[in-house]
Amino acid sequence: MERKSIDQIKRRKPSGAAVIRPELTKALFRALFEEWAQCGYGAVSLERVAARAGAGKAAIYRRWPSKLEFVCEAIQRVGLTLSDFDDHGSLGADINAYLRTTRAAFRHPLARKIIPDVVAERMRTPEIAVTLNSLAAARRAFGSRMLDRAIARKELQPALDRELALDLLISPLYMRMIVHSKNMAMAEIDRQAIAIEAAIKAC
C-alpha cells in the first residue's frame, strides 16, 4: 500500500497553480504598469500588483526572482512595440508611420506617467539602465534599417551622420509629448515628419 501511494505521487501531474499561464503573465505586466503609473517605481508593491491581476504574490515569484527582474522584462517586452519601423515605400512615409505609431503610444495615459519615471530611475538603478540601453540599441538598429532602405532608394547619402539622424527621428516628438506634455494632432505629425526628413537629409 505504501509503495502504491509513492507511485501515485510520482505520476501526479503538476497542479494548475504551478503552470505558467501566458494570460496571467500579461495581466501581471498590465497590473505592474498601472501600479507604477499611480505610485512611481520606488513605491511599487508586488502584493498590490498581484492583487490587481487577480493573483497571489507567488504568481510573480514563479516568473521572476525579484521586482527588478520583473520590471526589466516588462520594459523590454513593451519597448520594441511602440513604433512602426516597416517599409512604407519612401523615407518620408517611413518617418510619418513611425511618428504616428509612437504618438499613439505616447498618448496612452500610463505611458505618459511611466516614461519620465523610467528615465529618472535609470540614474539610480544600474540594472534598469542596462535594460534601457539594450532596448535603445535594438530600437536604433531598427531605425538604422530604415535609413539603409532610404540609402538604397537614393534618398540619403551613404555617408550621412547616422547617429544624428537616429536622434532626430525621435527627439522632437519626445520633447513635445513627454517632456512638455503636449498633445499632437495628425496635421502636426505630418509637419514634423516633413521637418525631420529634411533634417535627416542634411545630416
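Residues numbered from 1 in each chain as written. Predicted model: local features only at pLDDT ≥ 70, side-chain atom pairs only at ≥ 80, totals over all residues. Heavy atoms only, no water.

Asks: How would you summarise the packing of aromatic side chains if you had to cite specific residues and measurements?
Replies: Summed over all chains, the structure comprises 8 aromatic pairs. Summarising the aromatic geometry, the rings of Phe33 and Trp36 are spaced 6.4 Å apart at their centres and angled 15° between planes, so their arrangement reads as stacked. Taken together, the residues span about one helical turn, with Phe33 and Trp36 both in helix α2 (residues 22-39) at a distance of 3 residues. When its relative accessible area of 2% is taken as the criterion, Trp36 is described as buried. For the pair Trp36 and Tyr41, a centre-to-centre distance of 5.5 Å together with 55° between the ring planes defines the contact as tilted. (Phe/Tyr/Trp six-rings, centres within 6.5 Å; stacked < 30°, edge-to-face > 60°. Helix = DSSP H or I, 4+ residues; strand = E, 2+ residues; numbered from the N terminus. Buried < 20%, exposed > 50% of the residue type's maximum accessible area, 1.4 Å probe, protein only.)

Asks: Tell me about the layout of surface pockets, and please be specific about residues and values.
Replies: Size it by volume and the largest pocket reaches roughly 1,000 Å³. Put simply, the parts of the chain that give the lining of the largest pocket at least two residues each are α2, α5 (67-79), α6 (91-107), α7 (109-121), α8 (126-152) and α9 (162-179). Ranked by residue count, the leading element in the lining of the largest pocket is α9, at 7 residues. A class-by-class count of the residues in the lining of the largest pocket yields 24 nonpolar, 6 polar and 4 charged. (1 Å grid on protein atoms, 1.4 Å probe; cavity = no way out; pocket = protein on both sides within 12 Å on 5 of 7 lines; lining within 4 Å. Points joined across faces, edges and corners; volume = space filled by probe spheres on them. Nonpolar A, V, L, I, M, F, W, Y, C, P; charged D, E, K, R; others polar.)

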